[in-house]
Amino acid sequence: MRPIRVRIGVLGLALVAGLAAPTAATAAPEAGGGAPAPTVEERRLDGEVPREILRRSGFAAVAPAFARGLGRADSYREARAVVAREGAALWRRAVDRVQGRGPARGDLSRDDDRPLYWARLGMTRELRTWEPGFGLSERQRAALLTELERTSRGQTDLRLPRGHDDRHGKGVKRVLLTGFDPFTLDRDIRISNPSGAVALALDGTVIDTADGPARVETAVFPVRWADFAEGTVERALRPYLPGVDLFTTVSQGRVGRFDVERTNGAWRGGFPDNDNVSRTETVPVAEPASQPQWTTTTLPYAAITAADTGRFPVYDNTSVTEIPAGGDEPVVRPDGPTPGSTAREGGGGNYLSNEIAYRATLLRDRLGLHGTLPGGHVHTPVLQFGAGNTDPATGAVTDPGFVRNRLDIVAQTRAIVGVAVSAAGADRD
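Residues numbered from 1 in each chain as written. Predicted model: local features only at pLDDT ≥ 70, side-chain atom pairs only at ≥ 80, totals over all residues. Heavy atoms only, no water.

**Student:** Mind showing me how you'd approach unusual backbone geometry here?
**Tutor:** Trans peptide bonds make up the majority, and among non-glycine residues the majority have a negative phi. Positioned with a positive phi, Arg105 is a non-glycine residue whose angle comes to about 55°. With respect to the element layout, Arg105 can be found in the loop between helix H4 (76-98) and helix H5 (114-129). Take Arg105: its relative accessible area is 52%, and that puts it in the exposed class. You will see that Asn276, though not glycine, has its phi angle at about 60°, which is positive. Mapped onto the fold, Asn276 is located in the loop between strand E7 (267-269) and strand E8 (280-282). (Helix = DSSP H or I, 4+ residues; strand = E, 2+ residues; numbered from the N terminus. Buried < 20%, exposed > 50% of the residue type's maximum accessible area, 1.4 Å probe, protein only.)

Laid out in structure tokens, this is it:
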């Protein structure tokens, strides 16, 4: 997600943004007590396009079935069990569909990430507006929403191998990769996010590299400022970073190119999120007194950019925007920040893609892993519809060019991960 690219069009925005439930401020005002009203994001479900995507993927029945399960719960404990079970089932169902397991249940191509997004929103809307007979406190509802977010995004399903792996032999590398939900939906509600498609396609898969097999585990994050401020990235990644061999956050970036972002900045630029909330401020983190203005990638960017990984060029992006020490106006620096400067844009902009990269690499550094753990951010090309299908008002929800573009982006991201694992292994040797 790169709001600084708005000038090149909606699809030039890049997505990178979770775990925490949306705050009450993201919901519409309640009309006289009771359960909260649906959020801005959830209300988009009533549009024709989301309904078509759910119908054509076989996911239309997910939210109604979830509502029936909630209706049978006679206590908060039973409700939590339903939420955990059905959230995890949605994630596994989405992964299985993309990876070709089981029936497709619809004519929408299997590689599509959008059924997971819209089905999850249907579930969160049912849960947010549910009024059980046993009574539910605001705090309990928030905890249920958080559990649903975590389980349905794969954040509780990260199963990285430990030491010897009986299926693939000793020395299996462990890779953690994250993607994002679709975003800018008020401009084009048909939009898909290739980083989310990458996460679904690679979850639990093994990539054969020059440094041996690498097991990839993935999760996706929301495009909401509030969730990031509440620590969703850190809660999801902290248990796993000390045990992985490489990590990369992934989001949609520029048209026609991949970018390995060299530097991430501690600034939120204010572009509206999926709840139409805007934030312009320093990235809020724990222990702000020790917060740096910049963090850097430790991915092997030279090897990644030199390799032939697919149809799109891959760049080592070193540009940032800063306020120089002693200055008061932003300045673009093609070769990275200068000493003592204040961040205004990392290489990945100042939206949630930059922020997830900043948070993940700051966490890496605070865990003392900067010198030993390769990690950073990769921006994919913008996922574009095929020629003649560019009008959001009249265009189809999919087309052959759209599917081809998404498949090519997924395949090339997989190849980039493989190169990164091999190069990191060579560096260790």
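**Student:** Would you explain the packing of aromatic side chains in this entry?
**Tutor:** Two aromatic rings are characterised by how far apart their centres lie and by the angle between their planes. With the rule as written, the count across this model stands at nine aromatic pairs. Consider the rings of Tyr117 and Trp118, whose centres lie 4.9 Å apart with planes at 75°: the pair is edge-to-face. Among the residues examined, Trp118 registers a relative accessible area of 0% and is labelled buried. Site record: aromatic cluster; members linked through ring pairs are Phe183, Trp225, Phe271 and Tyr351. Here Arg262 stacks its cationic end above the ring of Tyr301, 3.9 Å away from the centre of that ring. (Phe/Tyr/Trp six-rings, centres within 6.5 Å; stacked < 30°, edge-to-face > 60°. Lys NZ or Arg CZ within 6 Å of the ring centre and 35° of its normal.)

**Student:** Please explain the packing of helix H7 (residues 194-202) against helix H12 (residues 400-428) as it appears in this structure.
**Tutor:** When two helices pack together, their arrangement is captured by the angle between the axes and the distance separating the axes. Running from N to C, H7 and H12 point in directions that differ by 60°, and their axes come no closer than 9 Å. Overall, the two elements H7 and H12 adopt an arrangement that is oblique. When the axes of H7 and H12 are compared, the crossing they make is right-handed. Touching Pro194, Ala197, Val198, Ala201 and Leu202 of H7 are Arg406, Ile409, Val410, Thr413 and Arg414, all from H12. Residues that form the contact of H7 with H12 fall into these classes: seven nonpolar, one polar and two charged. (Axes fitted to C-alpha atoms, helices over the stretch in contact; angles between N-to-C directions. Parallel < 35°, antiparallel > 145°, perpendicular 65-115°, else oblique. Left-handed = near helix turned anticlockwise from the far one by under 90°. Contact = heavy atoms within 4.5 Å. Nonpolar A, V, L, I, M, F, W, Y, C, P; charged D, E, K, R; others polar.)

**Student:** Teacher, can you tell me more about helix H11 (residues 352-366) here?
**Tutor:** An α-helical turn contains 3.6 residues, so a residue and the one three or four places further along point in the same direction. Between its first and last C-alpha, H11 extends 20 Å over 15 residues, near the 21 Å set by a 1.5 Å rise per residue. The element H11 is extensively covered by neighbouring structure, given that 13 of its 15 residues are classed as buried. A positive phi of about 75° marks Gly368, the residue just after H11. (Expected span 1.5 Å × (residues − 1).)

**Student:** Help me out: how do you make sense of the pattern of salt bridges in this one?
**Tutor:** If the charged atoms of two oppositely charged side chains come close together, the side chains can form a pair. One pass over the structure, following the stated rule, counts 37 salt bridges. Salt-bridge contacts for Arg359 lead to Glu234; the nearest nitrogen and oxygen are separated by 2.9 Å. Residue Arg359 is found in helix H11, and its partner Glu234 is found in helix H9 (residues 232-237); the two are separated by 125 residues along the sequence. Given the relative accessible area of 14%, Glu234 is considered buried. In this structure, Glu281 engages Arg268 in a salt bridge whose closest nitrogen and oxygen atoms are separated by 2.8 Å. Taken together, the residues Glu281 in strand E8 and Arg268 in strand E7 connect sequence positions 13 residues apart. Among the residues examined, Glu281 registers a relative accessible area of 29% and is labelled partly exposed. A residue is classified by how much of its surface remains accessible, and Arg268, at 1% relative accessible area, is buried. Beyond isolated ion pairs, a larger network of salt bridges with shared partners links Glu41, Arg120, Glu149, Arg153, Asp181, Arg224 and Asp227. (Salt bridge = Lys/Arg side-chain N within 4 Å of Asp/Glu carboxyl O.)

**Student:** When you look at the environment of Glu138 in this model, what are you seeing that I'm missing?
**Tutor:** Structurally, the position occupied by Glu138 is in helix H6 (residues 138-152). Owing to a relative accessible area of 67%, Glu138 belongs among the exposed residues under this scheme. Considering only alpha carbons, one finds Glu138 and Pro213, 75 residues apart in sequence, at a separation of 46 Å.

**Student:** Would you take a moment to explain the sheet that holds strand E13 (residues 342-345) for this structure?
**Tutor:** In sheet architecture, strand pairing relies on hydrogen bonds along the backbone and comes in two forms, parallel and antiparallel. Taken in spatial order, the three strands line up as E12-E11-E13 in an open sheet, and their pairing is antiparallel. Taken across any chain shown, the strands that pair with only one partner, and hence form the sheet edges, are strand E12 (331-333) and E13. Averaged over all adjacent pairs, the angle separating strand axes in this sheet is 45°, with direction ignored. Taken together, the three bridges between strand E11 (residues 320-323) and E13 define a ladder with antiparallel strand orientation. Its bridge partner being in E13, Ile323 is matched across the sheet by Thr342. (Pairing = 2+ DSSP bridges.)

**Student:** What exactly am I supposed to notice about the sheet that holds strand E4 (residues 246-252) here?
**Tutor:** Spatially, seven strands are ordered E2-E3-E1-E4-E14-E5-E10 in an open sheet, and the strand pairing comes out mixed. Two strands in the sheet have a free side with no partner beyond their single neighbour: strand E2 (206-209) and strand E10 (314-317). Each strand axis lies, on average, 30° off the axis of its neighbour in the sheet, ignoring direction.

**Student:** Sorry, what's going on with the side chain of Ser152 here?
**Tutor:** Along the chain, Ser152 falls in helix H6. Classification of Ser152 by relative accessible area gives buried; the value is 0%. Within the structure, Ser152 has its side chain in polar contact with the side chain of Arg120 (distance 3.1 Å). Polar contacts involving the side chain of Ser152 include one to the main-chain carbonyl oxygen of Leu148, which spans 2.6 Å. Excluding residues within four positions of it along the chain, Ser152 makes contact with Gly87, Leu90, Trp91, Leu116 and Arg120. (Polar contact = N/O pair within 3.5 Å; in protein donor to acceptor, adjacent residues only side chain to side chain.)

Remember, this is a structural readout, not a statement about activity or role.
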